[in-house]
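Coordinate analysis (summary)
Take a look at the letters that make up each chain.
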Amino acid sequence: MQVLYWNFRRWNGDMSKILKQHINGPVSYLGPLLMANIVWNSSLVPEETSGIWAKTLVIVLIIIVAWLLLRVIDMVADIIREQFDIKVEDNLDERKILTQLQYIRRVSEVVLFVIALALILLQFEGVRKVGTGILTSAGVLGIIVGFAAQRSIANLLAGFQIAFTQPIRIDDVVIVEGEWGRVEEITLTYVVIKIWDQRRLVVPLQYFIDKTFQNWTRTTSELLGTVFLYVDYTFPVEVLRRELTDFLENHRLWDQRVGIVQVTDSKPDVMEIRLLVSATNAGNAFDLRCEVREHMINFIQQEQPESLPKMRMQYYNDLKDASLKE
């Protein structure tokens, strides 16, 4: 084993570290197990206890091999995960692969556990039929299909659909149940949404198959942000349009795609002006909206205070006097 570590260290120090971290535990038990097998095959073990000894040895071997395979699955998943940086600005491809990787990893672990359990059951006469049934044509697939009517397994099957059709991915920005957040984790039966205020929303997988939700990063992380202003009809819109252009020109959060001003509605007392700006992701879009809104309100207060929303009242003195005479 040390030779293997040395060779990996020569090839890649990080690979050696990952290998030792993941499989050092189960591999360390293989030596004692091998020695126990040699003792069992020798004449040192009495004949009356050899059967019990052999059965125990096989069970322990199954457990260690299953443990080793689980660690190998984790190791491969970690190696693949290190090849993709989810923190980059445009991380759509990374999120696709990591979403599939996480789900395949969890399903593989469940299947491996079921197989190991079946092999252990085969070592006992009383429950051998149960173990055989798991490994026959109605084996692992039969178990999954047999329980598919149950809600939890329905979520499991929904997970397959989500992993490969991908209505959501790891780190997607979504709005679920009126809450804005990012997909933090996708398990076998539920999804964890990290909400903007650091709360966690736990949602069953089936929810994303049966119900409507918003995914702000389905095809790209770029977003448009909207700011509404309500001003008097005397306000010069062209002045605001030039001010927005000047403000966005060197702004760190603006991606230079969209920056427009439009009058979108006329109400009895005010007109509605929409400022549309663009940013590279949801977080930047929200911050940019807030800064644009604050800047434009300050601009109107300082440069066009007479155009702030106002209530008009008009007195008709002639009519008032006539009413008094009557």
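For the structure, check the block above.
Remember, it's a predicted structure, so these values are computed and weren't measured experimentally. (Residues numbered from 1 in each chain as written. Predicted model: local features only at pLDDT ≥ 70, side-chain atom pairs only at ≥ 80, totals over all residues. Heavy atoms only, no water.)

Description of the environment of Lys267
Under the convention used in this document: To qualify as a helix, a DSSP run of H or I must reach at least 4 residues; to qualify as a strand, a run of E must reach at least 2; elements of each kind are numbered from the N terminus. By the convention used here, residues are in contact when the closest approach between their heavy atoms is within 4.5 Å.
Among the structural elements, Lys267 can be located in the loop between β7 (259-266) and β8 (271-279). Spatially, the C-alpha atoms of Lys267 and Tyr233 are 9.6 Å apart, while their sequence positions differ by 34 residues. Lys267 has contacts with Tyr230, Tyr233 and Glu272, leaving out every residue within four places of it along the chain.

Let's talk about the nonpolar core
Keep this limit in mind: As used here, the term nonpolar core means buried Ala, Val, Leu, Ile, Met, Phe, Trp, Tyr and Cys residues forming a set that is joined through side-chain atoms within 4.5 Å. Burial classes: relative accessible area under 20% of the type maximum marks a residue as buried, over 50% as exposed, and values in between as partly exposed (1.4 Å probe, protein chains only).
Among the nonpolar cores identified, the biggest contains 21 residues, and Leu240, Leu244, Leu248, Ile273, Leu275 and Val292 are the most heavily contacted of them. Of all elements in the fold, only β6 (223-231), α9 (237-249), β8 and α10 (282-303) reach the threshold of two or more residues within this core. Ala158, Val176, Val183 and Val191 belong to the second largest nonpolar core, which has 19 residues in total.

A look at the packing of α9 against α10
Put simply, the rule reads: Axis geometry follows a simple rule: fit a line to the C-alpha atoms, using only the stretch in contact for helices, then measure angles between N-to-C directions, giving values from 0 to 180 degrees. An angle counts as roughly parallel when it lies under 35 degrees, as roughly antiparallel when it exceeds 145, as roughly perpendicular when it falls between 65 and 115, and as oblique in every other case. Helix crossings are classified by the rotation of the near helix relative to the far one: an anticlockwise turn of less than a right angle makes the crossing left-handed, while a clockwise turn makes it right-handed. Residues are grouped as follows: Ala, Val, Leu, Ile, Met, Phe, Trp, Tyr, Cys and Pro are nonpolar; Asp, Glu, Lys and Arg are charged; every other residue, Gly included, is polar.
Taken N-terminus to C-terminus, the directions of α9 and α10 make an angle of 135 degrees; their axes are 11 Å apart at the nearest point. Judged on the interaxial angle alone, α10 and α9 are oblique. Helix-helix and strand crossings are classified by hand; for α9 and α10 the assignment is right-handed. Together, Val239, Leu240, Glu243, Leu244, Phe247 and Leu248 of α9 and Leu288, Glu291, Val292, His295, Met296 and Phe299 of α10 make up the contact between the two elements. Of the residues belonging to the contact of α9 with α10, the class tally is 9 nonpolar, 1 polar and 2 charged.

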